[in-house]
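Spelled out from the first residue to the last, the chains are:
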Amino acid sequence: MITAQEVAMKFSIAQTEFLNALQVVSSAVPTRTTLPVLSNILLEASEDRIEMRATDLDLAISTRAQASVKDVGTLTVPAKKLFELVRKLPREELKVEAKDLTLNIGSKNGRYKFLCIRPEEFPALPSVTADVEASLDPDLLERLIRRTIYSVSTDETRPALNGSLLQIKDDELRLVATDGHRLSKASCRPAGGIPSPPKGDVIVPLKALNQVLRLLPGATGPVRIGISKNHAQFAIGDTTLTTKLIEGPFPNYEQVLPKQNNKHLRVKRDDFAQALERVSVFSDSLTRQVKLSIRPNRLTLIVQTPDQGEATEELDAQYGSDDLDIGYNAAYLLDILRTVDSEEVDIRLNTPVTAGLIAPTPQGDKGSSAKEDLLCLVMPLRLAS
Amino acid sequence: MPAIRILDPSVIGKIRAGEVVDRPAAVAKELIENALDAGSSLVAVHASSHPERLIRVQDDGAGMSREDALLALRRHATSKIESAEDLARIRSLGFRGEALASIAEVSRFALSTRSREDLTGTSVEALGGAVIQVSGVGRAVGTTVVVEDLFFNTPARLRFLRSREAEIRVLSRVVWNYALTYPRIHWRFSVEGREDTDLPESGDLLERWQVLYGRGSDDGSAAFDHEAGGIHVSGVLGAPEQARASRDHQTFAVNGRVVASATLGAALRQGYGNLLPGDRYPLALVLIEVDPAMVDVNVHPTKREVRFRDESRVFQVVRRAVGAAMRRYVPVGIALPDSGSVAESRPEGAQGYAARREGGSSWTAELETEGSLMLALYAEPAATGERERGDVRESLGEPEIPIWQLHERYLLAPIRGGLVIVDQHAAHERILYEEARTHLYGGTGTSQVLLFPRVVDLTPEELDALLMLEPHLRRLGYEASLFGERQVAVRGVPASIPEEAAIDSLKAVLASVDTLGEGGDPPEEHIAKSFACHAAVRSGQILNPIERRALFDRLFATSLPHGDPHGRPTYVRVPMEELDRRFGRR
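One numbering rule holds for all chains: residues counted from 1, following each sequence as written. Written order decides the labels, with chains lettered from A and ligands numbered from 1. In keeping with the predicted nature of the model, local features appear solely for residues at pLDDT of at least 70, side-chain atom pairs appear and are counted solely at 80 or more, and the whole-chain, interface and lining totals rest on all residues. Working from all heavy atoms in the structure, the side-chain values ignore hydrogens and water.

- An unreviewed UniProt entry annotates chain B as DNA mismatch repair protein MutL of Eiseniibacteriota bacterium.
- UniProt positions are given in the numbering used here, feature names are shortened, and annotations may be inferred rather than shown by experiment. UniProt's Function (unreviewed entry) comment on chain B is quoted here verbatim: "This protein is involved in the repair of mismatches in DNA. It is required for dam-dependent methyl-directed DNA mismatch repair. May act as a 'molecular matchmaker', a protein that promotes the formation of a stable complex between two or more DNA-binding proteins in an ATP-dependent manner without itself being part of a final effector complex."
- Its UniProt record gives chain B a comment under Sequence similarities (unreviewed entry), which states: "Belongs to the DNA mismatch repair MutL/HexB family."

- Looking up chain A in an unreviewed UniProt entry gives the name Beta sliding clamp, with the organism given as Eiseniibacteriota bacterium.
- Taken from UniProt, the Subcellular location (unreviewed entry) comment for chain A reads in full: "Cytoplasm".
- Checking UniProt for chain A, the heading Subunit (unreviewed entry) contains the comment "Forms a ring-shaped head-to-tail homodimer around DNA."

1. Some details on the overall build of chain A
Here's step 1: Of the regular secondary structure elements, chain A holds seven helices and 26 strands.
Here's step 2: The cut-offs for exposure are 20% and 50% of the maximum accessible area for each residue type, with area from a 1.4 Å probe on protein chains only; residues under the lower value are buried, those over the upper are exposed, and the others partly exposed. When burial is assessed residue by residue, chain A has 54% of its 385 residues classed as buried.
Here's step 3: Should any heavy atoms of two residues lie within 4.5 Å, those residues are counted as being in contact. Long-range contacts, defined here as pairs at least 24 residues apart, represent 69% of the contacts in chain A between residues at least 6 apart.
Here's step 4: The protein chains shown are the only cover counted for residues, whose accessible areas, like all others here, come from Shrake-Rupley with a 1.4 Å probe. Looking at chain A as shown, the accessible area adds up to about 18200 Å², and 47% of this sits on carbon and sulfur atoms. Numbering of helices and strands starts at the N terminus; helices are DSSP runs of H or I of at least 4 residues and strands are runs of E of at least 2.

2. What about the overall build of chain B?
Here's step 1: Counting its secondary structure elements, chain B contains 19 helices and 22 strands.
Here's step 2: By residue count, 53% of the 586 residues in chain B fall in the buried class.
Here's step 3: Considering only contacts within chain B whose residues lie at least 6 apart along the sequence, 71% involve residues at least 24 apart.
Here's step 4: Put simply, chain B shows about 26200 Å² of open surface, and 51% of that area lies on carbon and sulfur atoms.

3. Some thoughts on the confidence of the model for chain B
Residues and elements named next belong to chain B.
Here's step 1: The quantity called pLDDT is the predictor's confidence in a given residue, expressed from 0 to 100. In this model, chain B carries an average pLDDT of 78, and 77% of its residues clear a pLDDT of 70 or more.
Here's step 2: Across residues 332–399, where pLDDT falls below 50, the model places 131 contacts with residues more than four positions away in sequence or in other chains.
Here's step 3: Two numbers describe this predicted complex: its pTM, 0.63, and its ipTM, 0.83.

4. Notes on the pattern of salt bridges
Residue and element names in this part refer to chain A.
Here's step 1: Each salt bridge in this description consists of a side-chain nitrogen of Lys or Arg and a carboxyl oxygen of Asp or Glu lying within 4 Å of one another. Per the stated rule, a full pass over the model turns up 45 salt bridges over all chains.
Here's step 2: Between Arg 147 and Glu 372 there is a salt bridge; the shortest N-O distance is 3.2 Å. Residue Arg 147 is located in helix 3 (residues 138–149), and its partner Glu 372 is located in strand 25 (residues 371–378); the two are separated by 225 residues in the primary sequence.
Here's step 3: Note on Arg 147: relative accessible area 8%, which makes it buried.
Here's step 4: For Glu 372, a relative accessible area of 25% corresponds to the partly exposed category.
Here's step 5: With a shortest N-O distance of 2.5 Å, Arg 269 and Asp 270 are connected by a salt bridge.
Here's step 6: With relative accessibility at 18%, the residue Arg 269 sits in the buried group.

5. Focus on the packing of helix 6 (residues 164–181) of chain B against helix 7 (residues 205–212) of chain B
The relative placement of two packed helices is expressed as an angle between their axes plus a distance between the axes.
All names here are of chain B.
Here's step 1: Only the contacting stretch of a helix is used when fitting its axis, a line to C-alpha atoms as for every element, and angles between N-to-C directions run 0 to 180 degrees. In the contact formed by helix 6 and helix 7, the axes pass within 8 Å of each other and the chain directions differ by 150°. The orientation of helix 6 with respect to helix 7, classified from their angle, is roughly antiparallel. Of helix 7, the residues touching helix 6 (which contributes Trp 176, Ala 179, Leu 180 and Thr 181) are Leu 205, Arg 208, Trp 209 and Leu 212.
Here's step 2: Amino acids are sorted into nonpolar (Ala, Val, Leu, Ile, Met, Phe, Trp, Tyr, Cys and Pro), charged (Asp, Glu, Lys and Arg) and polar (every other residue, Gly among them). Class assignment of the residues belonging to the contact of helix 6 with helix 7 gives a composition of six nonpolar, one polar and one charged. Note on angle classes: values under 35 degrees are labelled roughly parallel, values over 145 roughly antiparallel, values of 65 to 115 roughly perpendicular, and the remainder oblique.

6. Let's talk about the pairing of strand 3 (residues 108–114) of chain B
Residue and element names in this part refer to chain B.
Here's step 1: Burial of strand 3 is extensive: five of the seven residues sit out of reach of the surface.
Here's step 2: Here strand 3 pairs with strand 4 (residues 121–127) via six bridges, running antiparallel. By the bridge assignment for strand 4, Phe 109 is matched with Ala 126.
Here's step 3: Strands are treated as partners if at least two bridges between them are detected by DSSP. Here strand 3 folds back onto strand 4, and the loop between the two strands holds six residues.
Here's step 4: Of the strand pairs in this sheet, strand 3 and strand 6 (residues 142–148) are connected by seven bridges, and their pairing is antiparallel. The residue bridging Arg 108 from the neighbouring strand is Glu 148, located in strand 6.

7. Some thoughts on the side chain of Ser190(B)
All names here are of chain B.
Here's step 1: Inspection of the secondary structure assignment puts Ser 190 in strand 7 (residues 186–191).
Here's step 2: Of the residues examined, Ser 190 reaches a relative accessible area of 15% and is grouped as buried.
Here's step 3: Of note is the side chain of Ser 190, whose polar atom sits 2.8 Å from the side chain of His 46.
Here's step 4: Setting aside its immediate chain neighbours within four residues, Ser 190 contacts Val 45, His 46, Ala 47 and Asp 196. Distance and chemistry together define a polar contact, namely a pair of N or O atoms within 3.5 Å, with one atom able to donate a hydrogen and the other to accept it when in protein, and with adjacent residues in sequence counting only for side-chain atoms on both sides.

8. So, the interface of chain A and chain B
Here's step 1: On the chain B side, the residues contacting the 33 residues of chain A number 32 residues.
Here's step 2: Overall, the association of chain A and chain B removes approximately 3000 Å² of surface from exposure, summing both partners, and the carbon and sulfur fraction of that is 57%.
Here's step 3: Looking only at chain A, the three residues that lose the most surface to chain B are Ser285(A), Leu286(A) and Arg382(A), adding up to 27% of its buried area.
Here's step 4: Where chain A touches chain B, the interface holds three salt bridges.
Here's step 5: For Arg454(B), the salt bridge is made with Asp155(A), and the minimal N-O distance between the two is 3.9 Å.
Here's step 6: Connecting chain A to chain B are eleven residue pairs in polar contact (both at pLDDT 80 or more).
Here's step 7: When the residues that make up the side of chain A that touches chain B are grouped by side-chain class, the tally is 16 nonpolar, ten polar and seven charged.
Here's step 8: Bridging between strand 26 (residues 381–382) of chain A and strand 19 (residues 447–457) of chain B involves two bridges; their strand directions are antiparallel. By the bridge assignment, Leu381(A) is partnered in strand 19 of chain B with Gln448(B). Simply put, the buried area is the total loss of 1.4 Å probe accessible area from both parts when two parts are fitted together.

9. A word on helix 14 (residues 424–441) of chain B
Residue and element names in this part refer to chain B.
Here's step 1: For a helix, the expected span equals 1.5 Å multiplied by the number of residues minus one. Look at helix 14: 26 Å from first C-alpha to last across 18 residues, which is about the 26 Å you get at 1.5 Å a residue.
Here's step 2: For helix 14, a buried count of 14 out of 18 residues is recorded, marking the element as mostly surrounded by other parts of the structure.
Here's step 3: Looking at where helix 14 begins, the residue whose side-chain oxygen comes 3.0 Å from the main-chain nitrogen of His 425 is Asp 423.

10. Details of the nonpolar core
Here's step 1: If you look at the biggest cluster of nonpolar residues, it comprises 104 residues, and the most contacted ones within it are Phe18(A), Leu103(A) and Phe272(A).
Here's step 2: What Leu103(A) contacts, discounting residues up to four positions off in sequence, is Met9(A), Leu43(A), Leu75(A), Val77(A), Val96(A), Glu97(A), Ala98(A), Tyr112(A), Lys113(A), Phe114(A) and Cys116(A).
Here's step 3: Core analysis: the next-biggest nonpolar cluster, separate from the first, contains 54 residues, Ile32(B), Leu100(B), Ile103(B) and Leu283(B) among them. Remark: nonpolar core denotes a set of buried residues (Ala, Val, Leu, Ile, Met, Phe, Trp, Tyr, Cys) joined through side-chain atoms within 4.5 Å.

11. Section: the packing of aromatic side chains
By convention here, two paired aromatic rings are described through the distance between centres and the angle between planes.
Residue and element names in this part refer to chain B.
Here's step 1: The aromatic pairing rule takes the rings of Phe, Tyr and Trp, using the six-membered ring of Trp, and pairs them if the centres are within 6.5 Å, calling planes under 30 degrees apart stacked, those over 60 edge-to-face and the rest tilted. By the definition in use, this model includes five aromatic pairs over all chains.
Here's step 2: Each ring, one from Tyr 178 and one from Tyr 182, has its centre 6.3 Å from the other, and the planes form 15°; the classification is stacked.
Here's step 3: Judged by its relative accessible area of 1%, Tyr 178 falls in the buried class.
Here's step 4: Taking the centre distance of 5.3 Å and the plane angle of 65° together, the rings of Phe 556 and Tyr 571 count as edge-to-face. Of this pair, Phe 556 sits in the loop between helix 18 (545–555) and strand 22 (571–575) while Tyr 571 sits in strand 22, and the two are 15 residues apart along the sequence. Each member of the pair, Phe 556 as well as Tyr 571, carries the same accessibility label: buried.
Here's step 5: Note on geometry: a ring has a charge over it if NZ (lysine) or CZ (arginine) is within 6 Å of the ring centre and within 35 degrees of the ring normal. Directly above the aromatic system of Phe 152 lies the positively charged group of Arg 108, at a separation of 5.1 Å from the ring centroid.

12. Considering unusual backbone geometry
Here's step 1: Residues Gly248(A) and Pro249(A) are joined by a peptide bond in cis, for which omega reads 5°.
Here's step 2: Tracing the backbone shows Pro249(A) in the loop between strand 17 (239–244) and helix 5 (253–256).
Here's step 3: Notably, Arg288(A) is not glycine yet its phi reads approximately 55°, a positive angle.
Here's step 4: Non-glycine residue Asn255(B) carries a positive phi angle of around 50°.

13. A few points about the sheet that holds strand 6 of chain B
Residue and element names in this part refer to chain B.
Here's step 1: Taken together, eight strands build an open sheet; the order of strands is 5-4-3-6-2-1-7-8 and the sheet is mixed. Strand pairing shows two members of the sheet lacking a second neighbour, strand 5 (130–137) and strand 8 (197–199), which therefore form its edges. Recorded for the sheet is a direction-independent mean angle of 10° between the axes of neighbouring strands.
Here's step 2: As defined by bridge partners, strand 1 (residues 42–47) adjoins strand 7 across six bridges and the pair is classed as parallel. Within strand 7, the residue paired with His 46 across the bridge is Ser 190.
Here's step 3: Its contacts with the sheet put helix 2 (residues 24–37) on strand 1, strand 2 (54–59), strand 6 and strand 7, and the angle it makes with strand 2 is roughly 10°.
Here's step 4: Its contacts with the sheet place helix 6 against strand 1, strand 2, strand 7 and strand 8, and it is angled at close to 170° to strand 7.

Printed below as a string of structure tokens:
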């Protein structure tokens, strides 16, 4: 015979504090799940705070909120309903009380009762004993992620590409992503340096990267990144995101970075991006093909799509090598240009059917404490002869 | 006593009558043809719920004099031909002069008629072929024939009749066939216990068709007209999506005579090509006008079948006429409504997709310029598309017309006057098939060069196939080179589909080389089909809103959006009327 273990918990919390915390964890709640408890948020009251956690088994987010706790305890509460209610409650102190498997929330005028699930059913957080630890400024981490995330492949048949490679090498922290059509590598040397890592590369899933991006704005203090064999953990203020890692190996990207791209084109980033936006209005909706016709000190963008029309733009550029015509997916070029913040970009090319490299033009030291670097590779479209 | 006897003339009559009149519908057919030959502008057909008990055909045609009325009941009495030479020039529907006599032979027969020249009409009554009463009668110009108790004197024939429902169905079909073929005639058709059909004179075939088939003007059926080599083909072709499992809704007429013809049926079916699966038959009305000398209608006593002097030529002309019409065919009514008008079913909804396409500014064209559609068409909703989609909606500044995805297999969208359901795989297959053909026969497809070449294992046969098909594959956008003995490195793939799908379909094309040339397809056709089938999004694949929309727009921009390359339908329309009916609203 099973006897229900008595569950009790009692605390009061400010509506805004509660809502903020719920907002942080709710996005980890899966929209569809076969395990009912995953639709709930785990609430744990201890001392002067409430710990909240949600997970879809691949990824967990936990955070803390200030509260005055009378009785410590723990319970899981339906996430969607709880969030919806707290969002609609007035800004006042809420009294929260758990009894057996119900959670009562009392506001000034209202009483609300949730039916809950036993906390023992909620999956435990994997204990991550970090083999590698790094500490990064949140803005810097955000830039690294944004500069690579668009290259992450969503092709499920190649799971190793469904995330960004996080690599600590040569005193650099790098993120690398590729979908086989383009590759982006963003790196930095944190001011504080990196403790020499005992372990190599890990692949962080796209979903986790998106969640980290969501949590970063407004974060104060450095983000601590911990990596163990199977997990990565991002500690952002009071919030911790734990994710499973993708099993590799990640392709040997250094091997495919071309070394003989001697044709060097330099062009103003904004001009290039805006011209691309305009001409690609006429590009094929799937291939997005644009032709770069490169002549001494002149770059011409040409789009010709049967049944759609055509467009041409000419740009000033620095170029001194042989004439070159090369095709690209305009969207790939635009993805890159959006994440580059230098005034000009350097494009290094070789032939119309081999990889091109795009990088921000090196700028004078802006006094940034962390030296940052970005290199993007993009494969051409073979132009129909 | 000799075993062989000369039959009594009345027995002969009954046997021959049996050849012409085998069921109530045959009576209706003969009487209708007489009415048409008499130049009527109104033909009214009435049948009892047991049609063998009573059939009445009434017309306002030329009518007959008293003398003619009596002659008409005699065998081989006809006003329509005089000599054997005339048989080769037959323009009228009847000519053998057997019909009335045959019918009268096996029924209680009453005829009343008045010609324009006569002041009074004539009424003739006969029983089993014997005239029992002739009298004068006051009536309008025209003829009325009433046939009662059909087969009363040939009980064997009577027993062979099918259920009354079946007999009514066949009889109705006869009337419908003629009503379709002769839209300029006012038809009335009534069956005891059923709703009457009144079809006033109509301007054209299509209008009559739409009235008879009870569909609106946007049902996708279209009139066609074609003339070649002295053969004039016209009629109405039903939309492929309305095709049926039987040929019951096909009407063929040669020089105004409704006929059955295997040749014409096959030509019609082939004209639809792969718009239909093999076991579906289009709704159609096909009228053929040829020099009567080219047709032999005297093949069968009921003239149900005709033979052409040059069957294959007629076949070719009809097939081409239908094929050409179907190529021009644009599915009307698929126009997605303007925002806000989803709920309304507008009468002008028939303007359709074509107009919008010609206008050039479909709203998805705008969508496609936002972000990478290549990505968007296949990316997970959770991926980078998220942000872009938000932007798209804003940039358009109007609420989107929803396209729902059902069980990761079908796309549903409101259209004017109803709902359209698209099979995502079949639709994408049609799109890719046409793109592939374009590339194989002309402009080379764009190839995405790969950073990591894909190494594919091949059997020796597949390797041979690769070497043989290399030029074709290159035109599709593949770039492959040998890599060791049994492997090939794919360095470039068609840019408009995801890499994985591209690799899959390459393998499929190579594996299917065994069947190359089967069915008489040129290799290009074979490759295009095989490629499209394996490169298309699968059932079970989640499509985000941008992908769904792109699929819609691209499908209806193809030349034949209603079928995949194998002839399975790509979409089905559910009219509001049907939904209303299901909910008992009408």
